[in-house]
Amino acid sequence: EIAPKGPFETGFYSPDYDIYSESRLTLMSDLRDALQQNQTQLYYQPKVCLATGNIIGLEALIRWHHSERGWVHPSDFIPLAEETGVITQLTRWAFERGIGDLAQLLTDYPGLDISINISARDLTSRQLKNLIQDRLAHHKVSAERLTIELTETAAMEDPDKGLEALKALAGIGLGISIDDFGSGYSSLSYLKQLPATEIKLDRSLIIDVGSSKTSKVIIETAINMAHGLGYPVVAEGVEDEETAHLLRDMGCDRLQGYWLCHPLPLPELKQWLSEPRSAI
Ligand code: C2E
Ligand code: MG
Ligand code: MG
Ligand code: MG
């Protein structure tokens, strides 16, 4: 069964409908079991380079089909997993699975990069860095092929420790993508210290770029600032061609979104990668 394409489709279980927090705890113990028994999946969403039209990377996104509740949306269990600490197990699972899949994909697409999302809580975990190095070595994959996505807010939860941890991860060769940029409070002085390799503009900025002069100005400014600091910019959540062309003309470097491709399970993703595509 393929997960519904968008979060707004019906058929998703939402724990918000539950009055008793007990069911939220049940959900977390179910998630633990699902992770352990490999009942969760990673879907992959491609990222395209606007200058060349080449697919340069994939973002790994967790999908969970609960045996009784059906599809549970990440936004309904990631925050809960962060609160309860289950995120540690989820992140380990995501890196184990993601690096294994990456190794497979690299045989046919040697230039590809996989991005994996991490939470604030994972960032300072020494075990995580060890696990990543161990899995990369096991699969004989170069750290350059793997990127960590985290929000600026996550890095700033404990700025000194966050920066130190990011530098350690960047130090082993991993890419660092600053996710959801523009969705919270940004500190430019902090941003310029981060060992980032990419800035990802939040969908909330992209969504009305075609109609709102303000959004257009904000995006232009963000792109100029990122370029000034030496970071390439990726736009997330691009849903139509008009927006894609607009962003390309504004100097945005990379793009991700339903317009290009929905997140797909690995076999479908491989199929999609093998099909010819027209230039952007
Ligand atoms: P994110 O990292 O910002 O991921 C982008 C989200 O936007 C994904 O939602 C993706 O499916 C969705 N998306 C992509 N293109 C479009 C588009 O054109 N239109 C719209 N409306 N949405 C689009 P998803 O998969 O539901 O994930 C939501 C959030 O949950 C992610 O936001 C990320 O913060 C978190 N998440 C997902 N997977 C993982 C994971 O494995 N580990 C961790 N720690 N967090 C994860
Ligand atoms: Mg992300
Ligand atoms: Mg994002
Ligand atoms: Mg986002």
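Note that the structure is predicted; figures quoted are calculated from it, not measured.

### As for the coordination of the magnesium ion (ligand 4)
Put simply, the ideal angle at a metal is 109.5 degrees for four donors in tetrahedral geometry and 90 or 180 degrees for six donors in octahedral geometry.
Point 1. Summarising the metal site, the magnesium ion (ligand 4) is bound by the protein donors D180 (OD) and E236 (OE), whose distances to it range over 2.4 to 2.5 Å.
Point 2. Taken as a pair, the magnesium ion (ligand 4) and the magnesium ion (ligand 3) lie 3.0 Å from each other and share D180 as a ligand. Of the two residues, D180 is situated in strand β7 (residues 175–181) and E236 in the loop between β9 (233–235) and α11 (241–249); the sequence distance between them amounts to 56 residues.
Point 3. On the accessibility criterion, E236 (15% relative accessible area) is buried.

### With respect to the coordination of the magnesium ion (ligand 3)
Point 1. The protein atoms that coordinate the magnesium ion (ligand 3) are D179 (OD), D180 (OD) and E236 (OE), at distances spanning 2.0 to 2.3 Å.
Point 2. Site description for the magnesium ion (ligand 3): donor spacing in sequence, D-D-x55-E.
Point 3. Here the magnesium ion (ligand 3) and the magnesium ion (ligand 2) are spaced 3.7 Å apart, with D179 acting as a shared donor.

### Concerning the packing of aromatic side chains
Point 1. All told, the structure shown has 1 aromatic pair when counted by the stated rule.
Point 2. On the numbers, 5.4 Å between centres and 90 degrees between planes, the contact of W64 with F77 is edge-to-face. Highlighted residues: W64 in strand β3 (residues 55–66) and F77 in helix α2 (residues 74–84), separated in sequence by 13 residues.
Point 3. Taking the ring centre of W272 as reference, the NZ or CZ of R277 above it sits at 4.3 Å.

### Quick notes on the nonpolar core
Point 1. The biggest cluster of nonpolar side chains holds 83 residues, and the ones touching the most others in it are L31, F95, I132, L146, L150, I178 and I219.
Point 2. If one sorts the elements of this core by residue count, helix α3 (residues 87–108) sits on top with 9 residues.

### Structural notes on the packing of helix α1 (residues 21–36) against α3
Point 1. Axis separation between α1 and α3 bottoms out at 10 Å; the angle between their running directions is 20 degrees. Relative to α3, the element α1 lies roughly parallel. Seen from above, α1 lies across α3 with left-handed handedness. Note on element contacts: α3 touches α1 through Q89, L90 and W93, opposite L31, R32, L35 and Q36.

Definitions and limits used
Residues numbered from 1 in each chain as written. Chains lettered and ligands numbered in written order. Predicted model: local features only at pLDDT ≥ 70, side-chain atom pairs only at ≥ 80, totals over all residues. Heavy atoms only, no water. Donors = N, O, S within 2.8 Å, 3.2 Å for Na, K, Ca; no water. Helix = DSSP H or I, 4+ residues; strand = E, 2+ residues; numbered from the N terminus. Buried < 20%, exposed > 50% of the residue type's maximum accessible area, 1.4 Å probe, protein only. Phe/Tyr/Trp six-rings, centres within 6.5 Å; stacked < 30°, edge-to-face > 60°. Lys NZ or Arg CZ within 6 Å of the ring centre and 35° of its normal. Core = buried A, V, L, I, M, F, W, Y, C linked by side-chain atoms within 4.5 Å. Axes fitted to C-alpha atoms, helices over the stretch in contact; angles between N-to-C directions. Parallel < 35°, antiparallel > 145°, perpendicular 65-115°, else oblique. Left-handed = near helix turned anticlockwise from the far one by under 90°. Contact = heavy atoms within 4.5 Å.

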